[in-house]
Amino acid sequence: MTAESTLHLSQLILLALVYFKNKLKLALIGQSLFGQEVYSQLCKDGHRVVGVFTVPDKDGKADPLALAAEKNGTPVFKFPRWRVKGKTIKEVAEAYRSVGAELNVLPFCTQFIPMDVIDSPKHGSIIYHPSILPRHRGASAINWTLIMGDKKAGFSVFWADDGLDTGPILLQKSCDVEPNDTVDALYNRFLFPEGIKAMVEAVQLIADGKAPRIPQPEEGATYEGIRRKEDAEISWDQPAEVLHNWIRGHDKVPGAWTEINGQMVTFYGSSLLNSSVPPGEPLEIKGAKKPGLVTKKGLVLFGNDGKALIVRNLQFEDGKMIPASQYFSAGETSVVELTAEEVKVAEIIKVIWAGILSNVPVIEDSTDFFKSGARSMDVVRLVEEIRQKCGGLQLQNEDVYMATKFEDFIQKVVGKLRGEDQEAELVVDYVSKEVNEMTVKMPYQCFINGQFTDADDGKTYDTINPTDGSTICKVSYASLVDVDKAVAAAKDAFENGEWGRMNARERGRLMYRLADLLEENQEELATIEALDSGAVYTLALKTHIGMSVQTFRYFAGWCDKIQGSTIPINQARPNRNLTFTKKEPLGVCAIIIPWNYPLMMLAWKSAACLAAGNTLVLKPAQVTPLTALKFAELSAKAGFPKGVINIIPGSGGIAGQRLSEHPDIRKLGFTGSTLIGKQIMKSCAVSNLKKVSLELGGKSPLIIFNDCELDKAVRMGMGAVFFNKGENCIAAGRLFVEESIHDEFVTKVVEEIKKMKIGDPLDRSTDHGPQNHKAHLEKLLQYCEAGVREGATLVYGGRQVQRPGFFMEPTVFTDVEDHMYLAKEESFGPIMVISKFQNGDIDGVLQRANNTEYGLASGVFTGDINKAMYVSEKLEAGTVFINTYNKTDVAAPFGGFKQSGFGKDLGEEALNEYLKTKTVTLEY
């Protein structure tokens, strides 16, 4: 039996089990997709819907609730009204009583239902209302929740009485209102999905005899009428937040409006502007004391408190909607010629339109979707049908509202297919430099919810080129507010966005696309890495960038191969059981990476995180943020939905600490020092016990026996220490060289060091570039001074190179005793620490090699395979290299033991760091 058929069987069994609960005969009175979903869930839960009472067909189209009920064989009644002149229509009342309902359920109903119908069933009637009653009674409750600036939204399921939303409360649920929530966002995120669950829960409480009746208090009660277009005009002499609440509270219906150039213009997509005001062209607005600004990001508006908001879309009196950024060029659009493939897509879409607009004989270029009778629920159907029938093409509801005529809609679809729409949405302010025979374009702002934006408080800091100590550019310095925004965006993308609904293969396709873009831009990325971190360009090209590309391709292939298992268990006789596991994403993950391999460390963690289906907030090292921000730009171009990837440059003490404490983050992956790792682990535990993986410090031993191939051991030993300027987490922190070859080994090492070229990392002949930043160079010089003070022999180097920048000579110490500082502590720099051991003393050198609190990596050079295997078994480290070093691969798990941390990067095991296992057991 396949896993798919097993799951299908389990679902059928679960459906059967619900029928053993108490069940009721229900009459469903109402309409809409919400009513349809409530109907479907009640049927699945085992209740018997004996009749559906809904509105008549409109323009030849039945309401979704009617369609679902008719398909299911449930009796459907479509009455235009229930009463005339205050009296119940006799035929309607008889039809209602004929079904014999025990409870009326009104999920969403626009008709007036007479009290004799409301009170007729044994259990009466329950109604869904989208506010926390008694606040916001009335038909526009969601609008008023936002207009009034409420911090909490929610819904009530209450017992119907003869008042207007005044009946006793059965249950209520609430949620926080996000600063930029619209009516649609609030409805889709919480009121719709949780409301459906609550209606089903309420019915079951009634069936079980456990449903409360809590009288509504009069204190705090409000009633607001239906919002109409004429009431939605914007009054400008108010603070920015009040203006924002007014606009979003009327979005999409009826739409807040103002007069511009003698024409009514309606605003949609408002958000508070927390960053600096972008440059733009002034736009006079009737009644506003200060002109608006048409910018690349939208129309900026100003409150009387000097603060600003920005609206994304504008709609004119003729119904045409445009991006606000295009106000001054609204009439300049031109029709593009379609390719053969695009013509096929257009024909498919025309068939979809014809199916929805069944009352329209022929779909023509001038056919208007809404003027032909389409409603908001048809927008959802259109978007979903196009996704299913056009190769996964993902449109937004907003795309339909912005292009209501068929010809305009096809143009918008073509723009999506060609990637033009996405390119236009991403606004990037670059710092550009002519360097390495190319123009390097570097984003420098926070990347939050698919947009580059300044830090909330406008703060910046300098990022420094270690080659000469000059400032590359100023970078946004993320505040606590920015961290919270990034986490909120990632949470919304995971719980409510397209990413959470995306199938695994589509997720993999995006990751493959991102890998391709990284490869296409590898020269620019390697150049940025050289500028920002001091990495030698050729090494950056091969390792920093090359392995990043490989990592994303590797994990892209895993996306559709993550699976659980079916497990035989003891049966609960006389019944039988089925147990299976599911691997599920954790949710929002935080990733904090170090400065030694800025892009590669990003790739190692984020690729596994994304492959598992999570969203992420990543904080690059403060001193090396630029390739992470370039990565953010490429991820947007690859098509990752907004909020999936967020990059917040800044300090560990502010941004990093907030990530470790944030209650909405479910996993934190960290690479860095053991000291900071301990602090992070403590914060993660105290906050919300979030899952943690830590790749921390190391003091990796490399044992070189006298039966090795000496020249190879010299070459590999130097790489083990000096690779990437020694700024390498698995660098050999201490070499143990067998006594008989010790002196020759040291001599050969020094000879090779003298051949190394120290210089500009962009020079293709350079072997050794600058240390990452000034403070690190100073720390390395102090490390060398400590070694000399304790009596170790400084054979070579130990000094700063006399030239601009943060260059240090490759250094060699010998005669390092076990008690010395050099023997115990990691340098994280180009410092070779050599100790000799007695000939043939295998167990003795192993004891010395393991005498450390670290256990990240280790190595052994020997010509004796039995000795090699014995040593590899005894070394206490997460990785053991035999007759090689630094040979990592995307398929091989990487991580340490002891105080070098826990958890794995790379390989299949890395996926488990970003997944949770759910066990499901059912009885049948």
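Residues numbered from 1 in each chain as written. Predicted model: local features only at pLDDT ≥ 70, side-chain atom pairs only at ≥ 80, totals over all residues. Heavy atoms only, no water.

Caption draft 1: Highlighting the overall build of the chain. Of regular secondary structure, the chain possesses 29 helices and 40 strands. With the principal axes as the frame, the chain shows a C-alpha extent of 110 × 80 × 60 Å. Across the 924 residues that make up the chain, the buried fraction comes to 55%. Pairs at least 24 residues apart make up 70% of the contacts formed inside the chain by residues separated by at least 6 positions. Only carbon and sulfur atoms are counted for the fraction: they give 50% of the accessible area of the chain, which is about 39600 Å². (Helix = DSSP H or I, 4+ residues; strand = E, 2+ residues; numbered from the N terminus. Buried < 20%, exposed > 50% of the residue type's maximum accessible area, 1.4 Å probe, protein only. Contact = heavy atoms within 4.5 Å. Areas by Shrake-Rupley, 256 points an atom, 1.4 Å probe, with all protein chains shown as cover.)

Caption draft 2: Up close: the packing of helix α2 (residues 32-44) against helix α3 (residues 64-72). As a packed pair, α2 and α3 sit with axes 7 Å apart at the nearest point and diverge in direction by 30°. With respect to α3, the axis of α2 lies roughly parallel. Taken together, the residues of α3 that come into contact with α2 (itself represented by Ser32, Leu33, Gly35, Gln36, Tyr39 and Cys43) are Pro64, Leu65, Ala68, Ala69 and Asn72. Looking at the contact of α2 with α3 residue by residue, the classes come out as seven nonpolar, four polar and no charged. (Axes fitted to C-alpha atoms, helices over the stretch in contact; angles between N-to-C directions. Parallel < 35°, antiparallel > 145°, perpendicular 65-115°, else oblique. Nonpolar A, V, L, I, M, F, W, Y, C, P; charged D, E, K, R; others polar.)

Caption draft 3: Seen up close, the pattern of salt bridges. Counted according to the given criterion, the structure contains 39 salt bridges. Between Glu218 and Arg137 there is a salt bridge whose closest N-O contact spans 3.6 Å. Highlighted residues: Glu218 in the loop between α7 (183-207) and α8 (240-249) and Arg137 in the loop between β7 (125-129) and α6 (141-147), separated in sequence by 81 residues. Judged by its relative accessible area of 58%, Glu218 falls in the exposed class. You can call Arg137 buried: its relative accessible area is 8%. A salt bridge links Glu194 to Lys197; the shortest N-O distance between them is 3.3 Å. Taken as a pair, Glu194 and Lys197 lie in helix α7 at a separation of three residues, close to a single helical turn. The network of salt bridges with shared partners includes Glu524, Lys630, Glu633 and Lys637. (Salt bridge = Lys/Arg side-chain N within 4 Å of Asp/Glu carboxyl O.)

Caption draft 4: Layout of the side chain of Asn104. Examined against the element boundaries, Asn104 turns out to sit in strand β6 (residues 103-106). If we ignore the near neighbours within four places in the chain, the residues touching Asn104 are Ala27, Ile29, Tyr96, Val117, Ile118, Pro121, Gly124, Ser125 and Ile126.

Caption draft 5: Quick look at the UniProt feature "active site" (unreviewed entry) in the chain. In this numbering, the UniProt entry assigns the feature "active site" (unreviewed entry) to Glu695. By the element assignment, Glu695 lies in strand β29 (residues 691-695). (UniProt positions renumbered as here; feature names shortened; annotations may be inferred.)

Caption draft 6: Geometry of the UniProt feature "domain: Carrier" (unreviewed entry) in the chain. With numbering matched to this structure, UniProt assigns "domain: Carrier" (unreviewed entry) to residues 340-417. Here residues 340-417 is 63% helix and 0% strand, with 13 Å between the C-alpha atoms at its ends.

Caption draft 7: Molecular detail of a negative patch on the surface. A grouping of Glu364, Asp365, Glu407 and Asp408 is seen on the molecular surface, where their side chains present a negatively charged patch. Among the structural elements, Asp408 can be located in helix α12 (residues 406-417). (Patch = residues over 30% accessible without salt bridge, like charges linked within 9 Å, V, L, I, M, F, W, Y side chains within 5 Å. Lys, Arg positive; Asp, Glu negative; His and termini not counted. Charge placed at Lys NZ, Arg CZ, Asp CG, Glu CD.)

Caption draft 8: The arrangement of unusual backbone geometry in detail. Here the bond from Leu133 into Pro134 is cis, since omega is 15°, no more than 30 degrees from zero. Locating Pro134 in the fold gives a position in the loop between β7 and α6. Here the residue pair Arg573 and Pro574 is connected by a cis peptide bond, since its omega of 10° sits within 30 degrees of zero. When you line up the elements, Pro574 lands in the loop between β23 (566-567) and β24 (577-585).

Caption draft 9: Main features of the confidence of the model for the chain. Scored by pLDDT, the chain has a mean of 92; 96% of the residues are at 70 or more. Confidence drops under pLDDT 50 across residues 1-7; counting only partners more than four residues distant or on other chains, this segment forms five contacts. (pLDDT = per-residue confidence, 0-100.)

Caption draft 10: The arrangement of the sheet that holds strand β40 (residues 915-923) in detail. With respect to topology, three strands assemble into an open sheet ordered β23-β24-β40, the strand pairing being antiparallel. The sheet terminates laterally at β23 and β40, the two strands that pair on one side only. Judged from the nine bridges that link them, β24 and β40 form a sheet pairing that is antiparallel. Bridged to Pro585 within β40 is Leu915. (Pairing = 2+ DSSP bridges.)

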